[in-house]
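The chain contents come next:
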Amino acid sequence: MKQMRKSTLEELGLGTVLDVFRNGKLPVDAERAVTAVFGPPEDRGCMVISGANGVVGAGKLMQFAARLSSYGVPMVALDLAGSPDGIGKQLTGLRKAFGADQAAEIAKNIIQLNYDGKSLPSALKIYKPKFLLEAIPEKLELKRAHYALFRREYPDLHIWSVTSGFPSEQLGVDIAHPAFPHEINKIFEIVEKEPGPASALLWALGLIPVEVSDHWSFVLDVFFCGLMQASIRASSMKNMPYWKTDKYIRKLVGPNPFRAHDAIGARGANFLTWSCLHHLHLQYGPLFEPVPELVERKDSGQNWYPPDHFRPLVNYSISEQEQSELEDVVYGSLFQMTTIMLHERRASLSAMNAIGELCAQFTRGMLANLRSRGATAVLQTIARYHALHPEAAQTSWYPEELNRMSEVEWQQLYVNAEHDGVAGVIHISRESYNSDVDAELNRAMDWLLSQGIRRTILCADFHLSTQMVGADTSEFFPALTERAQGIRIAASWSATARRLHSDFDCTVGFISGKRCMGGMLELMMHCHYLFAADSVVLSMPEVTLPVVPGMEGCHWPFRKADEAGRLQLARMLLTGRPVKATQALGWLIDRTGPLETLLSDAWKLVNGDASISQRRHFEDAALPPIQFDAIDGLDSGDAQLEQAREAVRNTIRAACGAGLTEALHMQAEHSADFMVSALCHKGVVGAAWSKIASI
């Protein structure tokens with residue numbers, strides 16, 4: 001087997017994506033993973049969450065309880081007597097997510113026990129503890145004493161700490177650092193000597209473990225706390241209110257660090273950020289030294305935002321020069337910190353980049369950002385930052401790491417390719433399509449073709465991407481004011497997708513996970529065959545945003561469908577409502593079934609077994625007019641929705657009424673025309689754009 005780079009799935013010890021298809025099954029079965037950690041069904045032990053009433057502990061308790069209750073694993077919630085009831089607050093969210101009846105069944109599996117911090121309750125033995133997830137306060141000696149307490153009574157107990165900053169070497173246990181919000185976000189930074197049963201269990205339960213190295217504050221909190229530090233410094237330099245700085249930071253990077261601290265709970269979040277930066281400062285130098293404002297808020301627990309009614313009364317803006325300096329402070333510090341993590345090999349590049357997006361909520365991963373700017377521009381930014389904050393230059397950093405950007409691992413942060421000499425797999429680790437994914441997908445296809453591989457599967461990566469949610473709408477922002485930008489995006493992305501149809505002898509789009517929507521579905525439908533697991537939900541929600549599909553969704557699938565199928569496709573586009581994969585069989589999907597059966601079938605098909613699925617005829621010429629009047633169930637009560645539908649109808653008429661060559665640019669122009677319209681500006685994409693454009 002050859003691959004462009006090592007996959008993140010392989011870093012977990014779970015093999016490659018190619019292995020998943022060759023073996024016709026997922027690398028870990030959930031029941032076996034549960035047994036490996038908690039014992040067989042007849043002698044199954046419990047999972048203990050200590051500090052269970054805290055924000056992290058309560059969130060993780062619900063997350064694990066929801067996944068382990070069906071396997072008969074008792075969940076023991078342990079905390080000090082009299083601690084605030086964090087668990088009760090989570091039950092409301094549990095009911096919203098699962099409904100009252102199922103939430104009640106999950107809650108039945110939760111056993112709450114109190115202790116005094118010095119000895120464990122005798123009742124704990126009844127539940128045979130197998131796994132401790134520790135979420136007590138971030139005090140090193142307190143944590144060490146806590147582990148010793150458990151090990152005295154349960155020497156074989158597997159222990160993970162959710163610590164934000166202390167390395168495993170300091171704690172003496174493995175790390176599973178979760179991202180906020182704790183009851184929703186599935187990412188865990190895992191520190192262990194080698195991938196073991198516990199991290200495999202997380203993966204099997206639908207969570208996302210990511211292997212990182214054993215350094216202070218790991219990856220997420222260097223990004224998250226580093227951004228907060230830079231934001232405070234920028235705010236102080238400009239004497240700017242924190243809420244206003246948040247707006248500029250959102251435009252630059254993506255998240256609102258001050259609002260995030262208040263949302264988590266300022267008292268706890270301020271302490272954690274200070275703690276991470278404090279220890280990073282001791283280890284590395286002044287770049288990380290907590291600023292006085294953070295120290296003050298750590299002690300007071302005060303929120304960063306004032307009461308909402310004060311904000312609209314303040315009209316505060318800064319000059320272009322001041323905005324440039326703010327950008328230098330924010331990006332200069334983050335870039336310098338990133339070179340340190342690169343030097344230490346804290347994670348694979350794709351994982352490090354993904355942690356920034358999935359956990360720190362960066363619009364674009366920090367490594368993708370570095371790559372797009374280039375080494376020279378990055379070094380200039382850091383130099384300008386050092387001019388504004390000279391002390392940061394006293395911290396060692398590693399500009400030479402930027403010289404590696406031409407290496408394949410740098411170039412393929414989101415898209416990887418593997419082959420066995422006959423057939424290949426291209427897998428995407430980003431849930432939304434953007435220009436980075438587009439460029440990397442082209443390079444992956446070029447690489448396979450250069451290796452003589454003309455038969456391939458296109459899929460998600462079975463790890464970082466658990467769904468395909470469509471195009472990254474932030475990519476559309478330039479197109480809201482410049483028609484040419486809309487044409488460029490739609491035409492270039494469509495040209496990339498067409499290569500799956502024209503450059504290969506056989507391509508199989510394989511959809512697993514929860515859902516496939518919008519631009520990602522348009523990409524997948526360019527494959528010669530489209531397979532989707534029974535559980536997958538498909539949708540083209542553009543009309544509800546509203547935007548007009550730009551990656552040929554208004555004509556490409558119509559060219560593979562019969563008259564009845566074209567009506568189904570038109571209904572899907574005009575309603576924006578999702579359909580199950582089984583409902584789309586024949587007019588959009590070529591094959592559905594249980595996941596493991598489908599894996600085997602896809603591999604057989606891409607290796608030449610034509611009996612698996614008949615390739616549908618693809619019509620290059622103009623299609624007969626679509627009979628829109630035959631589509632029922634279109635609610636016309638919303639005037640704006642009707643306008644968006646008419647734009648989609650016009651695009652379908654024009655693109656389907658043209659030959660294949662003309663249709664690409666025709667649909668791109670329709671999509672671009674709608675982007676600059678007032679109706680699009682009033683919608684979801686326009687609203688998101690206005691939040692960052694009009695500061």
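Residues numbered from 1 in each chain as written. Predicted model: local features only at pLDDT ≥ 70, side-chain atom pairs only at ≥ 80, totals over all residues. Heavy atoms only, no water.

1. A closer look at the domain arrangement of the protein chain
Going by this rule: For the domain bounds, the source is a domain assignment made automatically or taken from a database.
Taken as a whole, the protein chain is organised into domain 1 (45–183), domain 2 (219–308 + 317–409) and domain 3 (467–692). Each of domain 1 and domain 3 was reduced to a C-alpha centroid, and the two centroids are 44 Å apart.

2. Points about the sheet that holds strand E6 (residues 158–161)
Basically, it comes down to this: The pairing criterion is simple: DSSP has to find at least two bridges between the two strands. Here a strand is any run of E in DSSP of at least two residues, a helix any run of H or I of at least four, and the numbering for each starts at the N terminus. To get an axis, a line is fitted to the C-alpha atoms, and for a helix only the part in contact is used. The angle between two axes follows their N-to-C directions and goes from 0 to 180 degrees.
An order of E4-E3-E2-E5-E6-E7-E8-E9 is seen for the 8 strands of this open sheet, with the pairing classed as mixed. Bordering the open sheet on either side are strand E4 (110–115) and strand E9 (208–211), each of which pairs with just one other strand. Averaged over all adjacent pairs, the angle separating strand axes in this sheet is 25°, with direction ignored. Note: strand E7 (residues 174–178) against strand E8 (residues 187–191), 4 bridges, orientation antiparallel. Along E8, the bridge assignment pairs Pro178 with Phe188.

3. Here's the deal with helix H18 (residues 375–388)
Note the cut-off: Here the expected span of a helix is defined as 1.5 Å times the quantity of residues minus one. For every residue, the accessible area (1.4 Å probe, protein chains only) is compared with the maximum for its type, and the residue is labelled buried under 20%, exposed over 50%, or partly exposed between those bounds. Directions from the helix axis toward the C-beta atoms define the arc. The contact definition used throughout considers only heavy atoms, calling two residues in contact when any of these lie within 4.5 Å.
With 14 residues, H18 ought to run about 20 Å at 1.5 Å a step, and its terminal C-alpha atoms sit 20 Å apart, in line with that. Of all the positions in H18, only Val378, Thr381, Ile382, Tyr385 and His386 are classed as buried. Seen along its axis, H18 keeps its buried residues to an arc of 140°; they face one direction. Turned more than 90 degrees off the buried face of H18, the exposed positions are Thr376 and Ala387. For H18, the elements touching its buried residues are helix H10 (220–238), helix H15 (320–344) and helix H17 (366–373).

4. Here we look at the environment of Lys682
Within the secondary structure layout, Lys682 lies in helix H27 (residues 678–682). Note on Lys682: relative accessible area 59%, which makes it exposed. Taking the C-alpha atoms as reference points, Lys682 and Leu207, 475 residues apart in sequence, are found 36 Å from one another.

5. A word on unusual backbone geometry
The omega torsion across Phe180 and Pro181 is 0°, close enough to zero to call that bond cis. Mapped onto the elements of the fold, Pro181 is located in the loop between E7 and E8. Here the amide bond leading from Leu545 into Pro546 is cis, since omega sits at -10°, within 30 degrees of zero. One can find Pro546 in the loop between strand E18 (537–539) and helix H23 (563–575). For Lys128, which is not a glycine, the phi torsion comes out positive at approximately 50°. Structurally, the position occupied by Lys128 is in the loop between E4 and strand E5 (129–134).

6. A few points about helix H20 (residues 435–450)
The α-helix advances 3.6 residues per turn, and as a result positions three or four apart in sequence lie on the same side. For H20, with 16 residues, the first-to-last C-alpha span of 23 Å sits near the 22 Å given by 1.5 Å per residue. Every buried residue of H20 is listed here: Asp436, Val437, Asp438, Glu440, Leu441, Asn442, Ala444, Met445, Trp447 and Leu448. A positive phi of about 80° marks Gly452, the residue just after H20.

7. Quick look at empty space enclosed by the protein
Quick reminder of the rule: Definitions used throughout: a 1 Å grid over protein atoms alone; a cavity as a set of points that fits a 1.4 Å probe which cannot get out; a pocket as an open set with protein on both sides within 12 Å along at least five of seven lines; a lining residue as one with an atom within 4 Å of a point. Grid points are joined across faces, edges and corners, and a volume is the space filled by probe spheres set on the points. Note on residue categories: nonpolar means Ala, Val, Leu, Ile, Met, Phe, Trp, Tyr, Cys or Pro, charged means Asp, Glu, Lys or Arg, and polar means any other residue, Gly included.
Using the criterion set out here, one finds 1 cavity of 30 Å³ or more in the structure. Volume-wise, the largest cavity comes out at about 30 Å³. In terms of lining, the largest cavity is formed by Arg5, Ser7, Thr8, Ser350, His427, Ser429, Asp461 and Leu464. Residues of the lining of the largest cavity, tallied by class, amount to 1 nonpolar, 5 polar and 2 charged.

8. Description of the state of the cysteines
Worth spelling out the cut-off: Only a pair of cysteine sulfur atoms within 2.5 Å counts as a disulfide in this structure description.
Tallied over the entire structure, the rule returns 0 disulfides. Not part of a disulfide, Cys359 finds its nearest cysteine sulfur in Cys225, a span of 13 Å. The thiol of Cys516 is not disulfide-bonded; the next cysteine sulfur, from Cys527, is found 10 Å away. A relative accessible area of 0% means that Cys516 is categorised as buried.

9. Digging into the environment of Gln302
Looking at the element boundaries, Gln302 is found in the loop between helix H14 (292–300) and H15. For the pair Gln302 and Arg267, spaced 35 residues apart in sequence, the C-alpha to C-alpha distance is 6.6 Å. Among residues more than four places away in sequence, those in contact with Gln302 are Ala266, Asn270 and Arg297.

10. What to know about the pattern of salt bridges
So the rule is basically this: The term salt bridge refers to a side-chain nitrogen of Lys or Arg lying within 4 Å of a carboxyl oxygen of Asp or Glu.
Scanning the model with the defined rule gives 32 salt bridges in all. The shortest N-O distance in the salt bridge between Arg430 and Glu357 comes to 3.1 Å. Of the two residues, Arg430 is situated in the loop between strand E11 (424–428) and strand E12 (432–433) and Glu357 in helix H16 (residues 349–358); the sequence distance between them amounts to 73 residues. In the salt-bridge network here, residues are joined through shared partners; they are Glu642, Arg645, Glu646, Arg649 and Arg653.

11. A few points about the packing of H10 against helix H11 (residues 242–252)
We apply this condition: The scheme is simple: roughly parallel for angles under 35 degrees, roughly antiparallel for over 145, roughly perpendicular for 65 to 115, oblique for anything else. Note on convention: near helix rotated counterclockwise from far helix by under a right angle means a left-handed crossing. Clockwise means right-handed.
Their axes nearest at 10 Å, the elements H10 and H11 cross at an angle of 120°. Taken together, the axis directions place H10 and H11 in an arrangement best described as oblique. Once H10 is placed against H11, the crossing between them reads as right-handed. For the pair formed by H10 and H11, the contact residues are Leu227, Ser231 and Ser235 on the first element and Tyr242, Thr245 and Ile249 on the second. Among the residues forming the contact of H10 with H11, the class breakdown is 3 nonpolar, 3 polar and no charged.

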